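Each chain, written out:
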Amino acid sequence: MAAETKNPRPVPSVWARGRREPDQPALSRDAIVREAVAMLDADGIEALSMRKLGARLNAGATSLYRHVATKDELMELAVDEVAAEIHVPSADGLDGLDGLAGTDGTDGTGGPDWRAAVAGAAGSFRATALRHPWLASVLGQAGLAYLGPNLMAFSERLAALFTAAGFAEPGRVIEPVLSYVVGVSTTEAAWLTTVARSGESEADFVARLMPAAQQAAAPYAHLAAEYAASAAEAADPVALRESKFAYGLDVVLDGLALRLPKQGPAK
């Protein structure tokens, strides 16, 4: 007797199965996801449930489950929905093999600068994560969210940038850039959530916090000097966050530039 063949366990991802037909015209998976994103933006992950979402859509949880099997699948879909907002500059005409940027935003030879293009994509990712404070914190938890069409398109366009710049293994180059952007965005989103809960503007919140921070840092020479040096900048915390993000990204791109093939002298 032939051995019984067992069906393999299904891949636990919404992207690994087909889309189901709607059971009522007014309810679609797209409508469910849009409403879920609105709830996540307003109240955070903890407040999202299939029951509450169904109530917002005037539909029972059973109806939702015909389109989205679990909350985990819903989060995969929500992540991919907002990923559509991330802009990646085109790789067309990119010529940055030397890794050196000119002051005019080119690569020093007149061609578009790969660093500026990647920085633009990184900045767009960060801006998207700050508009949706829940996003960065769930990227590593939302199942196989990276298989969604919008995240796949983002990765493809980013890979095209690095390939055009001359990197032999764009996938490995993408990882440190995204790790940096996601890490900073997660920290910033958490900080801004704390500020929002205070009911104050960010500048007012920082001004109220700064004396206590300086006092706590006083016994530590390096930290005390850092707080003293940044006291003036802290008056504009938005600009300070932008500056810190750009500095860290430059450090990452400086390291990646060293991996580019060296060009010979111009002829």
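Since this is a predicted model, take the numbers as computed values, not measurements.

Side note on helix α9 (residues 202-217)
In step 1: Between its terminal C-alpha atoms α9 stretches 21 Å, which fits the 22 Å expected from 16 residues at 1.5 Å a residue.
In step 2: M210 marks the point of greatest bend in α9, at about 35°, and the proline P211 comes within the next four residues.
In step 3: Residues of α9 that are buried: E202, F205, V206, M210, A213 and A217.
In step 4: Where α9 is buried, its residues meet α8 (170-198), α10 (221-230) and α11 (237-257).

So, α11
In step 1: Helix length check: α11, at 21 residues, gives a terminal C-alpha distance of 30 Å against a target of 30 Å (1.5 Å per residue), a fit within 8%.
In step 2: All buried positions along α11 are accounted for by P237, L240, R241, F245, G248, L249, V252, L253, L256 and A257.
In step 3: Buried residues in α11 make contact with α5 (114-131), α7 (149-165), α8 and α9.

A closer look at unusual backbone geometry
Note on backbone geometry: most residues besides glycine have negative phi, and most peptide bonds are trans.
In step 1: Residues other than glycine seldom take positive phi values, yet N58 does so here, at roughly 55°.
In step 2: The residue N58 is located in the loop between α2 (50-56) and α3 (61-65) in this model.
In step 3: Judged by relative accessible area, which is 73%, N58 ranks as exposed.

Comments concerning the nonpolar core
In step 1: Residues W114, W134, F162 and L256 are the most contacted members of the largest nonpolar core, which totals 56 residues.
In step 2: Those elements giving two or more residues to this core turn out to be α1 (29-43), α2, α4 (71-83), α5, α6 (135-138), α7, α8 and α11.
In step 3: Setting aside chain neighbours within four positions, we find L256 in contact with W114, F162, F167, V173, P176 and V177.

Some remarks on the pattern of salt bridges
Proximity of charged atoms lets side chains of opposite charge pair with each other.
In step 1: In this structure the tally under the stated criterion is ten salt bridges.
In step 2: In this structure, R115 and D250 form a salt bridge, with 3.5 Å as the shortest nitrogen-oxygen distance. Taken as a pair, R115 in helix α5 and D250 in helix α11 lie far apart in primary sequence, 135 residues in all.
In step 3: Here D254 makes a salt bridge to R115, at a shortest N to O gap of 2.8 Å. Of this pair, D254 sits in helix α11 while R115 sits in helix α5, placing them 139 residues apart in sequence.
In step 4: Residue classification places R115 among the buried positions, given a relative accessible area of 14%.
In step 5: What emerges from the salt-bridge pattern is a single network uniting R126, E188, E202, R241 and E242.

Examining the layout of surface pockets
One way to see where empty space is left: roll a probe the size of a water molecule over the atoms.
In step 1: Of the voids in this model, the largest pocket is the one considered here, and its volume is about 550 Å³.
In step 2: Taken together, 20 residues form the lining of the largest pocket, with W191, V206, L240, R241 and K244 sitting closest to its centre.
In step 3: Within the residue set of the lining of the largest pocket, elements represented by two or more residues are α8, α9, α10 and α11.
In step 4: Of the residues in the lining of the largest pocket, the class split is 13 nonpolar, two polar and five charged.
In step 5: Contributing to the lining of the second largest pocket are 17 residues, with G44, E46, P133, T193 and R197 lying nearest its centre.
In step 6: At seven residues, the largest contribution of residues to the lining of the second largest pocket is made by α8.

Analysis parameters
- Residues numbered from 1 in each chain as written.
- Predicted model: local features only at pLDDT ≥ 70, side-chain atom pairs only at ≥ 80, totals over all residues.
- Heavy atoms only, no water.
- Helix = DSSP H or I, 4+ residues; strand = E, 2+ residues; numbered from the N terminus.
- Expected span 1.5 Å × (residues − 1).
- Bend = angle between axes of the 7 residues up to and from the residue.
- Buried < 20%, exposed > 50% of the residue type's maximum accessible area, 1.4 Å probe, protein only.
- Contact = heavy atoms within 4.5 Å.
- Core = buried A, V, L, I, M, F, W, Y, C linked by side-chain atoms within 4.5 Å.
- Salt bridge = Lys/Arg side-chain N within 4 Å of Asp/Glu carboxyl O.
- 1 Å grid on protein atoms, 1.4 Å probe; cavity = no way out; pocket = protein on both sides within 12 Å on 5 of 7 lines; lining within 4 Å.
- Points joined across faces, edges and corners; volume = space filled by probe spheres on them.
- Nonpolar A, V, L, I, M, F, W, Y, C, P; charged D, E, K, R; others polar.

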